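Residue-level structure breakdown
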Amino acid sequence: MNRRSDAEMAARVAQDIPDGAYVNLGIGKPTHVAAHLPMGREVLYQSENGLLGVGPPPEPGREDRELIDASKRMVTAVPGAAYFDQCDSFAMMRGGHIDIAVLGAYQVAETGDLANWATLEDRHPPAVGGAMDLVAGVPTILILMNHVGKDGSLRLLERCTYPLTGLGVVSRVYTDLAVLDIAPEGFRLVELTSGNSLAEVQALTGAKIHV
Amino acid sequence: MNRRSDAEMAARVAQDIPDGAYVNLGIGKPTHVAAHLPMGREVLYQSENGLLGVGPPPEPGREDRELIDASKRMVTAVPGAAYFDQCDSFAMMRGGHIDIAVLGAYQVAETGDLANWATLEDRHPPAVGGAMDLVAGVPTILILMNHVGKDGSLRLLERCTYPLTGLGVVSRVYTDLAVLDIAPEGFRLVELTSGNSLAEVQALTGAKIHV
Amino acid sequence: MIDKTCADPVAAIQPIGDGASVMVGGFGTSGIPYGLLNALAEKGARDLTIISNNAGEGEAGIAALLKLGLVAKVICSYPRTPGSVWFERRYKAGEVALEVMPQGTLAERMRAAGSGLGGFFTPTGYGTKLAEGKETRVIGGRGYVFEPPLSADFALIRGETGDRWGNLSYHATARNFNPVMAMAARHSIAEVRQVSTEPLHPERVVTPGIFIASLCEYAVRP
Amino acid sequence: MIDKTCADPVAAIQPIGDGASVMVGGFGTSGIPYGLLNALAEKGARDLTIISNNAGEGEAGIAALLKLGLVAKVICSYPRTPGSVWFERRYKAGEVALEVMPQGTLAERMRAAGSGLGGFFTPTGYGTKLAEGKETRVIGGRGYVFEPPLSADFALIRGETGDRWGNLSYHATARNFNPVMAMAARHSIAEVRQVSTEPLHPERVVTPGIFIASLCEYAVRP
């Protein structure tokens, strides 16, 4: 199988982010999307902890440990940025003001259900953060994930088996193997990673891929 | 009958406002309370339109038509003041952060019910403003009013006949004739305006005054 | 590139058509977007629902819309300002509908809309005429009234300084309803005393630009 | 005269006793009132309920309270920060109770408490495990969960500059939960990098002093 690297997946997501969009990038892989935005587009990234206009990491010697993103990494603020408190930050999410959120996932169902905050095997304390608020309010939820789990488990399914983050919320899934829309009939193929056949990808998908 | 003037009534209310209090003064007569605060006390006055720390009127030549109080008169901001929006302003009221509100009234009942936003005869459109929010949240509601209406109607009653602003919300009533607490048993005498007898004041009160 | 600036109030209010619901910032005469309201009066969009704290005074602003007969309904908390003659005239003639609610409830219903909430319970107005017909609930021994969110097609906002991203600062008590209306409406239009070519400092932004669709300069102070 | 300044964190946290519920500002390591938390750890108040976004990391702050066994319960949204070893240890040993809720719901419940509301309906978490056992309602075709207000005995706040009236400004993303916690708790205590002898400019105040019971200087940056 040909697989998109993490950077290639992030770059593919970035292609779909239009000029002028307000975008929340989830912790982990989604944070890399910003680095791949095509030239000529101005996008404002929101960080749930109270910043609209997240910029790149600070230059050495200019770090500010009180200016961080949701992943708790030090960042900068771009021109046009604003700071605000948690209430305003989550108003932006729940109120539908943020256009797009890019999130990771454990599982996505063909109905658009998303599971990305807890597994069944998890021995750590449960931790949800802002994920449920994002999917409750942001109109376009893009998922960036590996198509298959490290243990070989299928992750694109008819129904999620892990606890849900939200019901019917996902718009599109970007994996190392394919890009799939959530359509009324279920997963609908947008594109295969070059060199893979539909049959190969279908075999690694727990629900029908419609073409 | 001996009657306190408006200025004397305002000064009497001001005696009861402790140092360090956060106070909302309603439109009309209550706005005059600030001018009578005893020396040595620092009180911050809130104006519902978004100012905590209302100061005296501006000196000539220093007016700012965008710095006004709830009565829409130009004011100043004292040292320690803050501006904020309507949501935060009403959070201060409803959330119990403002200590005292001084309001006018059409009628007060011995149960502490207050009617101060509409009458039955009123031919104007109804207008409520912030009065209901104040009485819903501010723990101490002081009422500054004339004991008897201009038409001779009684205004301190067993039950209000006008539409209510709030139920059981009044702490104390200051009139031109007396100061009365709302106690479990009803109106309880605090003091009579000097020179009046209890019998005289009782005759002008629509509910029993307990001593 | 993000650039939400518009040439002038006329261009900014262009999307507002007949039958629109329009939130209008301001309290008394402070923080009212007179430039946008003048442009709207000139355009003559009809059958408007105006949502504001007051119902206009004098001859300008909301009063001008009422005078021209462009307003079908007013939703507000305090329509009885001295000088609200045009509202009184239209109201008494039965030419404009009125919905009155407590000022804090008006603000909080807007915030609920802007924040994606489905409604809230407030103690304000419990047991009064303004709660008649509404769902109530006793919580912890206190009575509360259920209030739904309040959105609008448009909001007209008055700010002090704005930048091309739509970030706004305000001046003194001209802030009042402007920030919450900017959140609550589907399309929020701001006039500012000054459009700055430099971005506002991120600590000084009161309304982040995400809540603003377009802005224009209108330098006249009230 | 209003003067809410305290000599130091030890004096400021003096009212906090055993069994108190304590909101703690901060997200990650930004905006955490380390000075107040250190003083609280030193005092050794026991059986605390800590309400915060995270559950501490490393050895300082909330982690120090957990290490010392002073915490009976944590209410938070995200206790699984890398380095939250003391929380994990106490949690796995059954020595600390945990209540997890979505981050926006945590913030909004605090705001409801601070604003005198009786609760609200949020779409967040509808249909998920975190909504189990909660009242739900379908409004306009969407599902919502009822959430009650969340208050606390105390809040520990980290600000940038404060004045004797308790007015606070913040620095960058250190703002986070601090303003809403200041509103929500019955007694809010702030540490600030600098107590200013001049009043803050009224346009620059983020937390008006009415929400702050006392404040002290703690100049150490994280």
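Residues numbered from 1 in each chain as written. Chains lettered and ligands numbered in written order. Predicted model: local features only at pLDDT ≥ 70, side-chain atom pairs only at ≥ 80, totals over all residues. Heavy atoms only, no water.

**Here we look at the overall build of chain A**
A count of helical and extended segments in chain A gives four helices and 13 strands. In terms of C-alpha radius of gyration, chain A reaches 17 Å, essentially the compact-globule figure of 17 Å for 211 residues. Across its three principal directions, the C-alpha atoms of chain A cover 50 × 35 × 30 Å. For chain A, with 211 residues in total, the buried portion stands at 59%. In chain A, the proportion of contacts linking residues at least 24 apart, taken out of those at least 6 apart, comes to 63%. (Helix = DSSP H or I, 4+ residues; strand = E, 2+ residues; numbered from the N terminus. Rg over C-alpha atoms; globule rule 2.2 N^0.38 Å. Buried < 20%, exposed > 50% of the residue type's maximum accessible area, 1.4 Å probe, protein only. Contact = heavy atoms within 4.5 Å.)

**Here's the deal with the sheet that holds strand 6 (residues 107–109) of chain B**
If you trace the three strands from one edge of the open sheet to the other, you get 7-6-9 (chain B), paired in mixed fashion. Each having just a single partner strand, strand 7 (114–115) and strand 9 (156–157) of chain B make up the two edges of the open sheet. (Pairing = 2+ DSSP bridges.)

**Some points on the packing of helix 2 (residues 86–94) of chain A against helix 5 (residues 103–114) of chain D**
At a minimum axis distance of 9 Å, the contact between helix 2 of chain A and helix 5 of chain D shows a crossing angle of 125°. As summarised for this structure, helix 2 of chain A and helix 5 of chain D are arranged oblique, according to the angle between their axes. Considering how the two elements wind past one another, helix 2 of chain A and helix 5 of chain D form a crossing that is left-handed. Side by side, helix 2 of chain A and helix 5 of chain D meet where A:Gln86, A:Cys87, A:Phe90 and A:Arg94 of the first sit next to D:Gln103, D:Gly104, D:Ala107, D:Glu108 and D:Arg111 of the second. Tallied by class, residues from the contact of helix 2 of chain A with helix 5 of chain D come to three nonpolar, three polar and three charged. (Axes fitted to C-alpha atoms, helices over the stretch in contact; angles between N-to-C directions. Parallel < 35°, antiparallel > 145°, perpendicular 65-115°, else oblique. Left-handed = near helix turned anticlockwise from the far one by under 90°. Nonpolar A, V, L, I, M, F, W, Y, C, P; charged D, E, K, R; others polar.)

**So, helix 2 of chain A**
All names here are of chain A. Buried residues dominate helix 2, accounting for eight of its nine residues. Along helix 2, the residues that are buried comprise Gln86, Cys87, Ser89, Phe90, Ala91, Met92, Met93 and Arg94. If you check the start of helix 2, you find a side-chain oxygen 3.1 Å away from the backbone N of cysteine 87, and it comes from aspartate 85. Backbone geometry just after helix 2 places glycine 96 at a positive phi near 80°. (Polar contact = N/O pair within 3.5 Å; in protein donor to acceptor, adjacent residues only side chain to side chain.)

**Details of unusual backbone geometry**
Residue and element names in this part refer to chain D. Not every positive phi belongs to a glycine, and aspartate 47 is a case in point at roughly 60°. As for its position among the elements, aspartate 47 is in the loop between helix 2 (34–43) and strand 2 (48–51). The class for aspartate 47 is partly exposed, based on a relative accessible area of 48%. One non-glycine residue with positive phi stands out, namely asparagine 176, at about 25°.

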